[in-house]
2 protein chains.
Amino acid sequence: MKALEEKIRKDGRILEGNVLKVDSFLNHQIDVPFMDKVGEELYRLFGDCGITKIVTIEVSGIGVACLAARYFNVPVVYAKKSRSANLSKDAYSVKVQSFTHGGEFFDVMVAKEYLSAEDTVLIIDDFLANGNALIGLKELVEQSGATVAGAGIVIEKAYQEGGDRVRATGMRVESLARIRSMDSVNGVQFCEE
Amino acid sequence: MKALEEKIRKDGRILEGNVLKVDSFLNHQIDVPFMDKVGEELYRLFGDCGITKIVTIEVSGIGVACLAARYFNVPVVYAKKSRSANLSKDAYSVKVQSFTHGGEFFDVMVAKEYLSAEDTVLIIDDFLANGNALIGLKELVEQSGATVAGAGIVIEKAYQEGGDRVRATGMRVESLARIRSMDSVNGVQFCEE
């Protein structure tokens, strides 16, 4: 999505340790008029897949998931994260290892009543890097018997292994911007440029 | 908002300890087609106030804030919560006491770059109960010099003191459903019925 690549070039900042900061439009301030177009693009890609529910994970996936869900005319279910084992017989849950938080494990859960075998799910998230969160969400949805139609990702760090790992599971993954490399000298390079 | 009152009666559940569970449409699953109408109603109420930014607090305010922001055509800034004192000279912050989490204090912060004296802010949140979060958000926004035009609340527990406390500060508060009382025998009663 060309407009998204331009937005990342213009508003993103590369911090020490090759962290891409997109706080100004994606995950602290949300540029809603712009992210609404991102949601519309996800609908263009997945609109013919019979989606009945969009699943995302708190916190930073919620905004874009809701804006996309308007186009699909379906509910959003956001999986909850918990550091404490808060397992319940009424919830589907998986353990996910966070690489951004020092390798810590956390539990990700969704109440059973909000996913069922009748659902066809689109997973939406803001970032795809090592793939742990996305693979966890896929497993979580599959516990319910629902079909995962694919994943719509705003920004993929294509120089990390997550995209390959997730696609190797057979899941369709559409990333609207795929970063091939980035550093503070040369800025951000996208794939297929 | 009549449709919201009906939705709460139909889909809300009253749990032990007089907790109103609206997980099915507001804060775990988000009924986006319905919440979009809630956003539109907030625009009907505040659309003539020159709003430049919507401020909410993670997690459960983000969905409705984004859906409302589409009508206002403005960005959302979501304040972040932190249990550890994570104060930065680059952020506005306040301490808020949580009554739902055993009286624990947490820090609420917004990066300074996303609020300024030129902004006119609408605060949006899902619940108003004791008023601590809303008063904290108001103070946070005012640190930036921005004008607070008011607060749009989805559900106010009018039998708690928060609404009175917040309105006593002079802030305009519009709650789309105001619960006068509730219990598992009689269900939910709304104000002005």
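I will try to describe carefully the structure that is included in this document. Worth saying up front: this structure is predicted, and the values here are computed from it rather than measured. (Residues numbered from 1 in each chain as written. Chains lettered and ligands numbered in written order. Predicted model: local features only at pLDDT ≥ 70, side-chain atom pairs only at ≥ 80, totals over all residues. Heavy atoms only, no water.)

**Focus on the relation of the copies chain A and chain B**
Here comes step 1: Here chain A sits on chain B after a turn of 180° about the axis and a move of 0.0 Å along it, with an RMSD of 0.0 Å. Such a combination of rotation and displacement between the chain copies is what one expects of a two-fold axis.
Here comes step 2: Most of the interface of chain A is mirrored in chain B, where 100% of its interface residues are also at the interface. (Least-squares fit on C-alpha atoms with pLDDT ≥ 70 in both. Contact = heavy atoms within 4.5 Å.)

**A few points about the nonpolar core**
Here comes step 1: Membership of the largest hydrophobic core comes to 76 residues, with the highest contact counts inside it found for Ile8(A), Met35(A), Ile54(A), Ile8(B), Met35(B) and Ile54(B).
Here comes step 2: Once residues within four sequence positions are removed from consideration, Met35(A) is found in contact with Phe25(A), Leu26(A), Ile30(A), Val64(A), Leu67(A) and Val154(A). (Core = buried A, V, L, I, M, F, W, Y, C linked by side-chain atoms within 4.5 Å. Buried < 20%, exposed > 50% of the residue type's maximum accessible area, 1.4 Å probe, protein only.)

**Examining the packing of helix 3 (residues 62-72) of chain A against helix 3 (residues 62-72) of chain B**
Here comes step 1: As a packed pair, helix 3 of chain A and helix 3 of chain B sit with axes 9 Å apart at the nearest point and diverge in direction by 50°. In this view, helix 3 of chain A runs oblique relative to helix 3 of chain B, as classed from their interaxial angle. Helix-helix and strand crossings are classified by hand; for helix 3 of chain A and helix 3 of chain B the assignment is right-handed. Between helix 3 of chain A, through Ile62(A), Gly63(A), Cys66(A), Leu67(A) and Arg70(A), and helix 3 of chain B, the contact on the second element is made entirely by Ile62(B), Gly63(B), Cys66(B), Leu67(B) and Arg70(B).
Here comes step 2: Counted by class, the contact of helix 3 of chain A with helix 3 of chain B contains six nonpolar, two polar and two charged residues. (Axes fitted to C-alpha atoms, helices over the stretch in contact; angles between N-to-C directions. Helix = DSSP H or I, 4+ residues; strand = E, 2+ residues; numbered from the N terminus. Parallel < 35°, antiparallel > 145°, perpendicular 65-115°, else oblique. Left-handed = near helix turned anticlockwise from the far one by under 90°. Nonpolar A, V, L, I, M, F, W, Y, C, P; charged D, E, K, R; others polar.)

**Details of the interface of chain A and chain B**
Here comes step 1: With 34 residues of chain A at the contact, the number on the chain B side is 34 residues.
Here comes step 2: The contact between chain A and chain B buries some 2800 Å² in all, and 61% of this surface belongs to carbon and sulfur atoms.
Here comes step 3: Our enumeration of links across chain A and chain B arrives at six salt bridges.
Here comes step 4: At the junction of chain A and chain B, the tally comes to 17 residue pairs in polar contact (both at pLDDT 80 or more).
Here comes step 5: Elements with a contribution of two residues or more to the side of chain A that touches chain B: strand 3 (29-30), helix 2 (32-46), helix 3, strand 5 (76-82) and strand 7 (105-111) of chain A.
Here comes step 6: Top element by residues in the side of chain A that touches chain B is helix 3 of chain A. It accounts for six residues.
Here comes step 7: Of the residues contributing to the side of chain A that touches chain B, the split by class is 17 nonpolar, seven polar and ten charged.
Here comes step 8: Note: strand 3 of chain A against strand 5 (residues 76-82) of chain B, two bridges, orientation antiparallel. Across the sheet, residue Gln29(A) finds its bridge partner in strand 5 of chain B, namely Val77(B). (Buried area = accessible area lost by both parts, 1.4 Å probe. Salt bridge = Lys/Arg side-chain N within 4 Å of Asp/Glu carboxyl O. Polar contact = N/O pair within 3.5 Å; in protein donor to acceptor, adjacent residues only side chain to side chain. Pairing = 2+ DSSP bridges.)

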